[in-house]
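Structure assessment
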Amino acid sequence: MALGLSAPAIRHTVAAEANGVHPGPLSRAQAFARAATLTELGRQMFFDPALSASGRQACASCHDPKHGFSSASAAPVEMGGPALDRPGQRAVPTLRYLQAVPAFSEHFYDSEDEGDESVDNGPTGGLTWDGRVDRGAEQARIPLLSPFEMANAGPDAVVARLARTAYADAFKAAFGDDIFSRPTDAFDGAVEALGTFEQDAATFYPYSSRYDAFLAGKGTLTAQELHGRALFEDPAKGNCASCHLSEPANDGEPPQFTDFGLIAVAVPRNPAIPANADSAYVDLGVCGPLRTDLKRRDEYCGLFRTPTLRNVALKKNFFHNGFFHTLRDAVAFYASRDSDPGHWYAKNADGSVHRYDDLPQRYWANLNQDPPFGRKPGDKPALDDAEIDDIVAFLNTLTDADQLQQAGQ
Ligand code: HEC
Ligand code: HEC
């Protein structure tokens, strides 16, 4: 698309204008120009540690562009705060391929869903692991102000820092000479710029993986990768593609490797997250505690948003709590969560297996039990070792070309 700008970026920009960030309706050409300006401002902000209370943490510190904009570190959570000594509570997700995440909704009817639009696919969409915000601009407020992330005392503090940057004049040119004397508008403009940058196609959704080339008929996969893809898609084997969509959509858009559904898979509790030292603390995803609007809704406890698997091979920790450190373990967990729970979960005091040890039993009805899950202890795992290897090989084809170059592969 012209200027590499996406339709959502333009919609967002136009929405921002409607919100009064800039007066007056815009022609399409003006909207493109506006989106380009905001994208460049957002890019500068994204890489600027001066916007944090510590002066040492940018968005990019956690969302590393060399790791698909997820974390470069194997630690399950990052440190933040004014002295960079306050641990986060969740693993850092990738920022690639978020452009198509729909707004959160409790009931989702998908026109792409095997032709049946009457099926309610349940809670779907929204940004963050629990879907609690809908747009990049809204999301950007969280890390800028979170006491364990960039830790600004409030929007005014962000704006004061912004006014001292080298790109302050560009910010004024975009939002008006007096913008820094209007801190609420300035903060709205800042997060709008970050949200617009996150919609930049070349940076965030290049579709340049070997699998994309294969789908376009311009590249091949090895026999092992093809077998891994078949297992990934086979409803009786991996069944992965039932949530991590792997085929182009009806409109030809390449697959996002997620249906954006909010699902409970019962990843083991991660003792390496400091918050988990308190046995009363449980991250229940959609029903809280980080998300607060649905906190009395038991049927939402344990649900997290299905992430894209594009660039997943670059990650150093997996799932919302970063419990797994290798892609192979993450895949093997699906194969034997229910057939060999003792391999994954902690033990009770009496030595018995504490199944689903990060989800209180009263919420177990929320757990997904479709294949590859739903087996009984002692059953054969859904995938054998060679099949797990093949799926991992397939997932390795989902790394974007620029990331392969950076990783020196
Ligand atoms: C200290 C580490 C850290 C910093 C700094 C940080 N983030 Fe994040 N980011 C996270 C974590 C952890 C999550 C998941 C939060 C959750 O689920 O509650 C996240 C989630 C996100 C998401 C949602 C992704 C998704 O899959 O829905 C976006 C977008 C995002 N961050 C953008 C930013 C921007 C923009 C900045 C800078 C203003 C930023 N982040 C700074 C750690 C960080
Ligand atoms: C019923 C829907 C569903 C199915 C089927 C499914 N997944 Fe997932 N997947 C999820 C959800 C939801 C998460 C995030 C869960 C969490 O963090 O608590 C996830 C996370 C992952 C992650 C971690 C990604 C990251 O960024 O940390 C990997 C890897 C993964 N899935 C691979 C697979 C593979 C391989 C299969 C098939 C063997 C599969 N998934 C089947 C829903 C599903």
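Note that this is a predicted model, so its numbers are computed, not measured.

Calculation notes
- Residues numbered from 1 in each chain as written.
- Chains lettered and ligands numbered in written order.
- Predicted model: local features only at pLDDT ≥ 70, side-chain atom pairs only at ≥ 80, totals over all residues.
- Heavy atoms only, no water.
- Helix = DSSP H or I, 4+ residues; strand = E, 2+ residues; numbered from the N terminus.
- Buried < 20%, exposed > 50% of the residue type's maximum accessible area, 1.4 Å probe, protein only.
- Contact = heavy atoms within 4.5 Å.
- Areas by Shrake-Rupley, 256 points an atom, 1.4 Å probe, with all protein chains shown as cover.
- Lys, Arg positive; Asp, Glu negative; His and termini not counted.
- Charge placed at Lys NZ, Arg CZ, Asp CG, Glu CD.
- Near = heavy atom within 4 Å.
- Polar contact = N/O pair within 3.5 Å; in protein donor to acceptor, adjacent residues only side chain to side chain.
- Axes fitted to C-alpha atoms, helices over the stretch in contact; angles between N-to-C directions.
- Parallel < 35°, antiparallel > 145°, perpendicular 65-115°, else oblique.
- Left-handed = near helix turned anticlockwise from the far one by under 90°.
- Donors = N, O, S within 2.8 Å, 3.2 Å for Na, K, Ca; no water.
- Tetrahedral: all angles 85-135°; square planar, octahedral: opposite > 155°, others 65-115°.
- UniProt positions renumbered as here; feature names shortened; annotations may be inferred.
- Nonpolar A, V, L, I, M, F, W, Y, C, P; charged D, E, K, R; others polar.

Focus: the overall build of the protein
A count of helices and strands for the protein gives 13 helices and four strands. Structurally, the protein occupies a C-alpha span of about 70 × 50 × 45 Å along its principal axes. Taken over 409 residues, the protein has a buried fraction of 51%. Counting only contacts in the protein whose residues sit at least 6 apart along the sequence, the fraction spanning at least 24 positions is 64%. If you sum the accessible surface of the protein, you get close to 17,900 Å²; carbon and sulfur atoms cover 54% of it. The positive charge centre, built from 37 side chains, and the negative charge centre, built from 55, are 4 Å apart in the protein.

Side note on the environment of Ala-83
Tracing the backbone shows Ala-83 in the loop between strand 1 (79-80) and strand 2 (86-87). Its relative accessible area of 45% is what places Ala-83 among the partly exposed residues. In this structure, the C-alpha to C-alpha distance between Ala-83 and Phe-187, residues 104 residues apart in sequence, is 23 Å.

What about the site of ligand 1?
Taken together, 25 residues are adjacent to ligand 1, and Cys-59, Cys-62, His-63, Thr-128 and Arg-132 come closest. One of the backbone nitrogen or oxygen atoms of Thr-128 is found 2.6 Å away from an oxygen atom of ligand 1. Interatomic distance of 2.9 Å between a side-chain N/O atom of Arg-305 and an oxygen atom of ligand 1. Those elements that provide at least two residues to the shell around ligand 1 are helix 3 (59-62) and helix 4 (136-145).

Digging into the packing of helix 2 (residues 28-46) against helix 6 (residues 168-175)
Pairs of packed helices are described in terms of their axes, by the angle between the two and the distance that separates them. The geometry of helix 2 relative to helix 6 is characterised by a closest axis approach of 11 Å and an angle of 155° between their N-to-C directions. When the interaxial angle is binned, helix 2 and helix 6 end up roughly antiparallel. Where helix 2 crosses over helix 6, the handedness of that crossing is left-handed. Across the interface between the two elements, Arg-34, Thr-37, Leu-38 and Leu-41 of helix 2 pack against Ala-170, Phe-171, Ala-174 and Phe-175 of helix 6.

Some details on the coordination of the iron atom of ligand 2
Around the iron atom of ligand 2, the protein contributes the donor atoms His-244 (NE2) and Tyr-334 (OH), at 1.9 to 2.1 Å from the metal centre. Coordination at the iron atom of ligand 2 comes from six donor atoms whose angles at the metal span 84 to 179°, giving a geometry best classed as octahedral. With a gap of 90 residues between them, His-244 in the loop between helix 10 (223-233) and strand 3 (262-263) and Tyr-334 in helix 11 (residues 327-336) connect regions that are remote in the sequence. Residue classification places Tyr-334 among the partly exposed residues on the basis of a relative accessible area of 22%.

Topic: the UniProt feature "domain: Cytochrome c" (unreviewed entry) in the protein
Under the local residue numbering, the UniProt record ascribes the feature "domain: Cytochrome c" (unreviewed entry) to residues 37-166 and 223-399. End C-alpha to end C-alpha, residues 223-399 measures 18 Å, and it is 18% helix and 2% strand.

A closer look at the coordination of the iron atom of ligand 1
Coordination angles at a metal have ideal targets, namely 109.5 degrees for four tetrahedral donors and 90 or 180 degrees for six octahedral donors. You will see that the iron atom of ligand 1 has only one donor from the protein, His-63 (NE2), lying 2.1 Å away. Secondary-structure assignment places His-63 in the loop between helix 3 and strand 1.

Details of unusual backbone geometry
Pro-289 follows Gly-288 through a cis peptide bond whose omega is 5°. Looking at the element boundaries, Pro-289 is found in the loop between strand 3 and strand 4 (304-305). In the segment running from Pro-371 into Pro-372, the intervening peptide bond is cis, with an omega of 10°. Relative to the helices and strands, Pro-372 is located in the loop between helix 11 and helix 12 (385-395). In this structure, Asn-311 is a non-glycine residue whose phi angle is positive, near 65°. Relative to the assigned elements, Asn-311 resides in the loop between strand 4 and helix 11. When its relative accessible area of 3% is taken as the criterion, Asn-311 is described as buried. Even without being glycine, Tyr-356 reaches a positive phi, approximately 50°. Mapped onto the fold, Tyr-356 is located in the loop between helix 11 and helix 12.

Some words on the site of ligand 2
Near ligand 2 you find 25 residues, and of these Cys-240, Cys-243, His-244, Phe-319 and Tyr-334 are the closest. Lys-315 is positioned with one of its side-chain polar atoms (N or O) 2.8 Å from an oxygen atom of ligand 2. Broken down by element, the residue count for the shell around ligand 2 peaks at four residues, all from helix 11. For the shell around ligand 2, the class distribution of residues is 17 nonpolar, seven polar and one charged.

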